[in-house]
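Structural overview for review
The primary structure of each chain is shown beneath.
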Amino acid sequence: LTLEERLAGYVVEGTKEGLIPDLNEALKTYTPLEVINGPLMRGMEEVGRLFNANELIVAEVLQSAEVMKASVAHLEQFMEKSDASLKGKILLATVKGDVHDIGKNLVEIILGNNGYQIVNLGIKVAPEQLIAAVRAEKPDAIGLSGLLVKSAQQMVITAQDLKAAGIDVPILVGGAALTRKFTSNRIAPEYSGLVLYAKDAMDGLDIANRIGH
Ligand code: B1M
């Protein structure tokens with residue numbers, strides 16, 4: 001197997017045996033983000049496909065998630081960090097009903113390494129919890145993540161609840177179940193502030209940088 005195939009394979013198989021040496025090997029050719037967005041994400045896509053086809057059970061998908069998390073944790077130390085002064089504070093949350101947090105935590109790393117102060121509220125964050133956090137933290141933006149189809153709908157509800165609470169801080173949304181179109185047609189009309197869609201964590205950073213200017 002090639003190095004790239006082995007890296008995807010660790011995620012698919014849910015095994016860490018040999019993972020770290022291969023990640024280090026990959027860093028000779030690729031940047032940490034290229035390793036994540038390339039072979040590791042391809043592995044995750046395959047996990048999603050196999051799970052959909054009933055060829056993997058949830059416990060196995062969890063092991064794959066562990067491998068992804070361990071890889072990201074290892075690669076993080078090699079990522080470029082900007083020493084720019086603080087650009088702003090961002091609250092991050094996976095929406096109510098959704099436990100997927102690998103993408104959100106990647107967003108935390110990328111934004112955190114690039115001058116943002118991140119308050120990560122975790123998973124299954126209900127609108128009332130988010131509203132309380134916005135009042136306490138006074139963030140410059142709110143980042144919402146969700147991977148389930150029902151999470152896209154939950155983002156609409158969350159936007160409505162934030163608006164009803166008088167909040168108009170820019171919202172950055174992302175996650176596999178969302179699209180730019182859904183964001184502009186369904187979420188944005190329910191909110192009084194900006195609602196922006198990010199397709200991945202780097203896109204999220206670009207958008208956060210634009211909000212600030
Ligand atoms: Co779940 N799951 N899962 N799962 N899981 C999906 C999402 C699914 C597509 C798999 C499938 O069926 N093919 C499917 C959703 C179906 C749907 O609604 N259409 C699914 C399902 C059904 C479920 C359960 C319901 C299964 C069950 O219990 N029967 C259950 C749901 C529980 C719940 O949430 N209430 C469940 C559970 C789990 C695990 C716990 C086992 C595990 C999650 C572990 C964890 O996160 N700690 C898991 C996993 C790992 C997946 C897949 C395989 C991989 C997700 C992932 O981590 N990808 C996923 C299938 C897939 O996506 N291939 C699947 C890697 C990650 C880096 O990508 O999060 O998309 P992602 O983030 C990307 C972008 O989306 C974006 O940036 C990142 C890349 O840079 N992004 C943002 C994300 N958030 C952002 C926020 C931003 C900006 C960008 O700004 C704020």
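Right, let's walk through the structure included here. (Residues numbered from 1 in each chain as written. Predicted model: local features only at pLDDT ≥ 70, side-chain atom pairs only at ≥ 80, totals over all residues. Heavy atoms only, no water.)

**Some details on the pairing of strand β3 (residues 141-145)**
Of all five residues in β3, five are buried, a share of seventy percent or more. With burial as the criterion, each face of β3 is covered, one bearing Ala141, Gly143 and Ser145 and the other bearing Ile142 and Leu144. Across five bridges, the pairing between strand β1 (residues 88-94) and β3 is parallel. Within β3, the residue paired with Leu91 across the bridge is Ile142. Looking at chain direction, β3 and strand β4 (residues 171-174) are connected through four bridges and run parallel. Note that in β4 the partner of Leu144 across the bridge is Val173. Taking the sense of rotation as the criterion, the β-α-β connection linking β3, helix α7 (residues 149-164) and β4 turns out right-handed. (Buried < 20%, exposed > 50% of the residue type's maximum accessible area, 1.4 Å probe, protein only. Helix = DSSP H or I, 4+ residues; strand = E, 2+ residues; numbered from the N terminus. Pairing = 2+ DSSP bridges. Right-handed = clockwise from strand over helix to strand, strands pointing away.)

**Digging into the coordination of the cobalt atom of the ligand**
Each angle at a metal carrying four tetrahedral donors should ideally be 109.5 degrees, and each at a metal carrying six octahedral donors should ideally be 90 or 180 degrees. Looking at the cobalt atom of the ligand, one finds just one donor atom contributed by the protein, His100 (NE2), at 2.2 Å. Tracing the backbone shows His100 in the loop between β1 and α5 (102-112). (Donors = N, O, S within 2.8 Å, 3.2 Å for Na, K, Ca; no water.)

**Some details on the site of the ligand**
Taken together, 36 residues lie near the ligand, and Gly97, Val99, His100, Asp101 and Ser145 sit nearest. The backbone of Val99 places a nitrogen or oxygen atom 2.8 Å from an oxygen atom of the ligand. Listing elements by their share of the shell around the ligand, those giving two or more residues are α3 (32-52), α4 (58-76), α5, β3 and β4. Residues of the shell around the ligand, tallied by class, amount to 21 nonpolar, nine polar and six charged. (Near = heavy atom within 4 Å. Polar contact = N/O pair within 3.5 Å; in protein donor to acceptor, adjacent residues only side chain to side chain. Nonpolar A, V, L, I, M, F, W, Y, C, P; charged D, E, K, R; others polar.)

**Things to note about the sheet that holds strand β5 (residues 195-197)**
Ordered in space as β2-β1-β3-β4-β5, the five strands form an open sheet in which the pairing is parallel. The open sheet is flanked by β2 (116-120) and β5, the only strands paired with a single partner. With strand direction ignored, the average angle separating the axes of adjacent strands in the sheet is 25 degrees. Running over the sheet, α7 touches β3 and β4 and is turned about 155 degrees from β3. Against the sheet, helix α8 (residues 180-187) engages β4 and β5, with an angle of about 165 degrees to β5. (Axes fitted to C-alpha atoms, helices over the stretch in contact; angles between N-to-C directions. Contact = heavy atoms within 4.5 Å.)

**Some details on α7**
Taking 1.5 Å per residue as the helical rise, α7 with its 16 residues ought to reach 22 Å, and the 24 Å between its terminal C-alpha atoms agrees with that figure. Buried positions along α7 lie against α6 (127-137), β3, β4 and α8. Just downstream of α7, Gly166 is the residue with a positive phi angle, here 80 degrees. (Expected span 1.5 Å × (residues − 1).)

**As for the packing of helix α1 (residues 3-13) against helix α2 (residues 19-26)**
Helices that pack against each other are described as a pair by the angle of their axes relative to one another and the distance between those axes. Two elements in contact, α1 and α2, have axes separated by 10 Å at closest approach and are oriented at 140 degrees. Considering their axes alone, α1 and α2 lie oblique with respect to each other. The chirality of how α1 crosses α2 is left-handed. Of the residues in α2, those in contact with Leu3, Arg6, Leu7 and Tyr10 of α1 are Leu19, Asp22, Leu23, Glu25 and Ala26. A class-by-class count of the residues in the contact of α1 with α2 yields six nonpolar, no polar and three charged. (Parallel < 35°, antiparallel > 145°, perpendicular 65-115°, else oblique. Left-handed = near helix turned anticlockwise from the far one by under 90°.)

**Re the nonpolar core**
Ranked by internal contacts, the top residues of the largest apolar core, which has 34 residues, are Leu7, Ile36, Leu40, Ile90 and Leu111. Looking at this core, the elements that each hand over two or more residues are α1, α2, α3, α4, β1, α5, β2 and α9 (201-211). For this core, the element with the most residues is α3, which contributes seven residues. Among the nonpolar cores identified, the runner-up in size contains 26 residues, and Val125, Leu130, Ile131 and Val156 belong to it. (Core = buried A, V, L, I, M, F, W, Y, C linked by side-chain atoms within 4.5 Å.)

**Quick word on the environment of Ala165**
As for its placement among the helices and strands, Ala165 is situated in the loop between α7 and β4. Remark: the alpha-carbon pair of Ala165 and Ile131, spanning 34 residues in sequence, is separated by 7.3 Å. Here Ala165 is in contact with Ile131 and Arg135, once residues within four sequence places are set aside.

**Some details on α6**
Within α6, the full set of buried residues consists of Pro127, Leu130, Ile131, Ala133 and Val134. Buried positions in α6, seen along its axis, are confined to an arc of 165 degrees and lie on one side of it. Residues of α6 that are exposed and point more than 90 degrees away from the buried face comprise Glu128 and Ala136. Where α6 is buried, its residues touch β1, β3 and α7. Phi turns positive one or two residues past the end of α6, at Lys138, with a value near 50 degrees. (Arc of directions from axis to C-beta.)

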